[in-house]
Amino acid sequence: MKRNPALAEIITKRKSTRSYREEALTPEQLAEIKAFMADLQPLFPELPYRAEILDASQVRCMQPWKTPHFVAVSTLDTADAFINVGFLFQQLDLYLQSKGLGVCWVGLGGPRKDLDENLTHAILMPFGIAAEPVWREEVSQFSRKALSHIADTPDPRLECVRLAPSATNSQPWYFTHQGDQLHVYQVIQGPLKRMTLGKMNCIDIGIALCHLAVTSEGDFTLARLEDAPQVEGYTYIGTVPAR
């Protein structure tokens, strides 16, 4: 995946929309969104997924949000597959907000009918015409950890990750540096949090890596190193190679 300035500029003002108008998008708008979805760039191309735009009658959503439109995503029931979903569909999140539309990630709910019997439900994304401001006015409105809390060395390249959304704002990522390489880690949650945040935190890691990808120079890749350093309390996810 290559740097995408149009998506990158949304990172510093994006937010999750939780209030929508009941007005449906036009067929032309939905066709443009479907075309963008068809061109999403995966982190792990070998992992299958399926995504469809559904109307509100086709989903169960525990949030009382009155939007006619939802994206439902299914994939394999593995950590890497959920990371891949986060990476893919944060591209859509940023795209929709670049068009002035509201969008949010929702873990509680799912399609009334399975998209694919061989895949498991991963996430819902309600989207549509917002009944509230779509963007933040300034970066200070983000409630996020400081750069020094998400990396061994404060790194301006990671500001885009610092601003990434995550389930219950858990911000489960950590980065270490080895030369110009970035090693990526995910926090190991306790048993109780794993029950509620397990797959969601994997999706969160994918979201964070998407932010890094759309702001990075050159092709973005994630390698898996056998000799990557271990960090207590975290699981090694991969390494972003030096440029």
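For the structure, see preceding data.
Treat the numbers as computed from the prediction; the structure is a model and nothing was measured.

Criteria and cut-off values
Residues numbered from 1 in each chain as written. Predicted model: local features only at pLDDT ≥ 70, side-chain atom pairs only at ≥ 80, totals over all residues. Heavy atoms only, no water. Pairing = 2+ DSSP bridges. Helix = DSSP H or I, 4+ residues; strand = E, 2+ residues; numbered from the N terminus. Axes fitted to C-alpha atoms, helices over the stretch in contact; angles between N-to-C directions. Buried < 20%, exposed > 50% of the residue type's maximum accessible area, 1.4 Å probe, protein only. Lys, Arg positive; Asp, Glu negative; His and termini not counted. Salt bridge = Lys/Arg side-chain N within 4 Å of Asp/Glu carboxyl O. Polar contact = N/O pair within 3.5 Å; in protein donor to acceptor, adjacent residues only side chain to side chain. Contact = heavy atoms within 4.5 Å.

**Student:** So what about the sheet that holds strand β9 (residues 234–240)? Which residues, and what values?
**Tutor:** Spatially, the 3 strands line up as an open sheet ordered β7-β8-β9, and their pairing is antiparallel. A single partner strand is all that each edge strand has here, and the edge strands are β7 (173–178) and β9. Pairwise comparison of adjacent strand axes, ignoring direction, gives a mean angle of 25° for this sheet. As paired elements, strand β8 (residues 181–187) and β9 share 6 bridges and run antiparallel to each other. Residue His-183 lies in a different strand from β9, and its bridge partner there is Thr-239.

**Student:** How would you explain the side chain of Arg-144 if you had to name every residue and give the values?
**Tutor:** Structurally, the position occupied by Arg-144 is in the loop between β6 (120–128) and α4 (147–150). Of the buried charged residues, Arg-144 lacks a salt bridge, with Glu-159 as the closest side chain of opposite charge at 9.1 Å. Here Ala-164 takes part through its backbone oxygen, which lies 3.1 Å from a polar atom of the side chain of Arg-144. Polar side-chain contacts of Arg-144 include one of 3.2 Å to the side chain of Asn-169. For Arg-144, the contacting residues outside a window of four places in its chain are Arg-162, Leu-163, Ala-164, Pro-165, Asn-169 and Gln-171.

**Student:** Mind laying out the environment of Ala-164, listing which residues take part and the relevant values?
**Tutor:** Tracing the sequence through the fold places Ala-164 in the loop between α5 (159–162) and β7. Residue classification places Ala-164 among the buried residues on the basis of a relative accessible area of 0%. Through-space distance from the C-alpha of Ala-164 to that of Pro-27 is 30 Å; in sequence the pair is 137 residues apart. The contact partners of Ala-164, leaving out residues within four places of it in the chain, are Arg-144, Trp-173, Ile-207, Ala-208 and His-211.

**Student:** A description of the environment of Leu-76 should follow, citing residues and the corresponding values.
**Tutor:** Mapped onto the elements of the fold, Leu-76 is located in the loop between β3 (69–75) and α3 (79–98). Given a relative accessible area of 28%, Leu-76 falls into the partly exposed group. Ignoring anything within four residues of it in the chain, the contact list for Leu-76 reads Leu-47, Pro-48, Ala-81, Phe-82, Asn-118, Leu-119 and Thr-120.

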